[in-house]
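Examination of the molecular architecture
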Amino acid sequence: MRIDQNARIGIAHLPTPLEHLPRLSEMLGGPEIYVKRDDATGLATGGNKTRKLEFLIAEALVLGADTIVTVGAMQSNHARQTAAAAARAGLRCELLLENRHAVADPAYETGGNVLLDRLLGADVIELPAGTDLEAAIERRGSQLREEGSVPYLIPIGGSNPVGALGYVGCAMELIDQARSLGLRIDRVVHASASAGTQAGLVAGFAGAAAGIAVTGLSVGMSAKQLTEAVFDIATEVAVLIEAPGSVTRDMVVVDDSHVGPGYGLPTSEMREAVEMAARTEGLILDPVYTGKAMAGLVDMIRRGRLTRGQNVVFVHTGGVAGLFAYGSVFE
Ligand SMILES: *Cc1c(COP(=O)(O)O)cnc(C)c1O
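Worth saying up front: this structure is predicted, and the values here are computed from it rather than measured.

It is worth spelling out the domain arrangement of the chain at this point. Looking at the assigned domains, one finds that the chain contains domain 1 (18–47 + 160–330) and domain 2 (49–158). Taking only C-alpha atoms, the centre of domain 1 and the centre of domain 2 are 24 Å apart. Contact with domain 1, which involves 35 residues of that partner, is made by 30 residues of domain 2. In total, about 2,400 Å² of surface goes out of reach between domain 1 and domain 2, with carbon and sulfur atoms giving 58% of it. There are 2 salt bridges connecting domain 1 and domain 2. Taking the shortest distance from any N to any O, the salt bridge between Asp 38 and Arg 51 comes out at 2.7 Å. Summed over the shared surface of domain 1 and domain 2, the number is 10 residue pairs in polar contact (both at pLDDT 80 or more).

As structure tokens, then:
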């Protein structure tokens, strides 16, 4: 397995720390909980998309692109990190953002990630709720080409095989860090949305024959849909890292029992988990992704599916900028 044959730019602070959470572990009375601090990737308040963008923006540069275009929800962390990565590479950036009116918070349309998108110099194009984002980005790409630009289109969440290479890198880091700490990792859990993070982790652990299980806590899609999406990308990533056929279907585990009423919509378990992490460990989670994933981990422990004597790693995928657009959820 290797990822060094793919073009890559260095924009993330790597390796991100792997930290023990002793007070949270003790409070829940189950496994020892560790956190992989991918909220600390360093670019414009950090997050998981930065690892993907190291490969995606590198490919854009190889292809001679002058404009990066991507899509997401209004408070997309991916869009904000893309705007920052494009700025670092000296490329124009257009963000097509769907206004889903997710929360009745005045900051939703102007604060949090949107504030940073504009500060980073991206052109923000607002789309009405329900827009077909895949069709919208294709249409914008064609327009830009007609105008003589060379656009590079990044799918939602940066989730394609090239982007997922970033999470093969994260899997490799975890294997190294566990080895130097003398730690056996029984399971990795994380928030899963557009499949790239989980696909990269699964392919990375499979390619290294590490025997580390991964559970993706869905924050939107049904388990069935997301499992398919992860398996498809992971299979293609395995080819890119020269470990074809290493990913099997049983390696893709998705739990969709903590989505609640829908993507971006708060749940009481999410609020409890966000407060618990903050008050036991000073660890800030977000309401859309990592809060729901932590709610899932807490539930797995309370149900006895992870127990004392085991070691679990929670991948903190970021999202802190988005928290500031959802302040009313915690009042
Ligand atoms: C995008 C995102 C995720 C999900 O990653 P995917 O690769 O889309 O599954 C999780 N957490 C945060 C904070 C994110 O921004």
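Now that the structure has been shown, the text picks up again.
Summarising burial for strand β4 (residues 92–99): 7 of the 8 residues are buried, a large majority. Where strand β3 (residues 67–73) meets β4, 7 bridges bridge the pair, whose relative direction is parallel. The residue of β4 that forms the bridge with Thr 70 is Leu 95. As for the winding sense of the linkage, the β-α-β connection from β3 through helix α3 (residues 77–89) to β4 is right-handed. Across 6 bridges, the pairing between β4 and strand β5 (residues 123–128) is parallel.

Below, the discussion takes up the side chain of Glu 94. Among the structural elements, Glu 94 can be located in strand β4. Polar contacts involving the side chain of Glu 94 include one to the side chain of Arg 140, which spans 2.6 Å. Apart from the residues lying within four places of it in its own chain, the contact partners of Glu 94 are Thr 67, Ile 68, Val 69, Thr 70, Asp 123, Ile 125, Arg 140 and Leu 144.

Cut-offs used in this document
Residues numbered from 1 in each chain as written. Predicted model: local features only at pLDDT ≥ 70, side-chain atom pairs only at ≥ 80, totals over all residues. Heavy atoms only, no water. Domains from an automatic or database assignment. Contact = heavy atoms within 4.5 Å. Buried area = accessible area lost by both parts, 1.4 Å probe. Salt bridge = Lys/Arg side-chain N within 4 Å of Asp/Glu carboxyl O. Polar contact = N/O pair within 3.5 Å; in protein donor to acceptor, adjacent residues only side chain to side chain. Buried < 20%, exposed > 50% of the residue type's maximum accessible area, 1.4 Å probe, protein only. Helix = DSSP H or I, 4+ residues; strand = E, 2+ residues; numbered from the N terminus. Pairing = 2+ DSSP bridges. Right-handed = clockwise from strand over helix to strand, strands pointing away.

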